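# An overview of the molecular structure
One-letter residues, chain by chain:
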Amino acid sequence: HTTHRSGGYILGFRVDPAEKLKEVFTEIEGLHKVFSANPIFGVDFSVEERAGSLSSVSVPRETDDVEIVNDGEAFKAYYAFGGEPGEKREVVFCPELGLAIEKLPEGVTIEQLWNIV
């Protein structure tokens, strides 16, 4: 039997002739005892060494020396190429980036947009 959460399946089989039933039961019972004591989950592993304590493998946190400046210049430059905020633009695949982007205006390249940022 399996639990209701895992599907509630019942696996069964038939033993013919009925006289072999006791022999099959003894074999299955023995296998059940062996695999219950030392189950095989399909993955072989060996423990080479014990893991150290959390404090011995932790690395102190470092603060990056970065200043984030958001002055809106990138948006001004983006809209300078044409279009209005909220305007729907055609979406195309950009092989340079490997993802979909809004279609760029004529004469504008990805490199130019990266230089804006």
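The structure contained in this document is the topic of the report that follows. (Residues numbered from 1 in each chain as written. Predicted model: local features only at pLDDT ≥ 70, side-chain atom pairs only at ≥ 80, totals over all residues. Heavy atoms only, no water.)

## Observations regarding the overall build of the chain
Counting its regular elements, the chain contains four helices and two strands. Along the chain, helices (α) and strands (β) appear in the sequence α-α-α-β-β-α when read from the amino end. Here the chain holds 117 residues, and 4% of them are scored as buried. Taking the intrachain contacts of the chain between residues at least 6 apart in sequence as the baseline, contacts between residues at least 24 apart amount to 20%. As presented, the chain carries roughly 11,700 Å² of accessible surface, and 57% of it is formed by carbon and sulfur atoms. (Helix = DSSP H or I, 4+ residues; strand = E, 2+ residues; numbered from the N terminus. Buried < 20%, exposed > 50% of the residue type's maximum accessible area, 1.4 Å probe, protein only. Contact = heavy atoms within 4.5 Å. Areas by Shrake-Rupley, 256 points an atom, 1.4 Å probe, with all protein chains shown as cover.)

## Notes on the pairing of strand 1 (residues 91-94)
For strand 1 and strand 2 (residues 99-102), the ladder comprises four bridges, and the chain directions are antiparallel. Bridge pairing in strand 2 places Val91 opposite Glu102. (Pairing = 2+ DSSP bridges.)

## Let's talk about the pattern of salt bridges
The final tally for this structure, using the stated rule, is two salt bridges. Asp16 is the partner of Arg14 in a salt bridge, and the nearest nitrogen-oxygen pair spans 3.1 Å. Per residue, the accessibility class of Arg14 equals that of Asp16, and both read exposed. In this structure, Glu90 and Lys103 form a salt bridge, with 3.9 Å as the shortest nitrogen-oxygen distance. Residue Glu90 is found in the loop between helix 3 (73-80) and strand 1, and its partner Lys103 is found in the loop between strand 2 and helix 4 (110-116); the two are separated by 13 residues along the sequence. Lys103 sits in the partly exposed class, given a relative accessible area of 44%. (Salt bridge = Lys/Arg side-chain N within 4 Å of Asp/Glu carboxyl O.)

## Section: unusual backbone geometry
Here the residue pair Asp16 and Pro17 is connected by a cis peptide bond, since its omega of -5° sits within 30 degrees of zero. With respect to the secondary-structure elements, Pro17 resides in the segment before helix 1 (21-37).

## Points about a nonpolar patch on the surface
Where nonpolar side chains cluster on the molecular surface, the patch consists of Leu31, Val34, Phe35 and Ile40 and spans about 390 Å² of accessible area. Looking at the secondary structure, you find Leu31 in helix 1. Its relative accessible area of 41% is what places Leu31 among the partly exposed residues. (Patch = residues over 30% accessible without salt bridge, like charges linked within 9 Å, V, L, I, M, F, W, Y side chains within 5 Å.)

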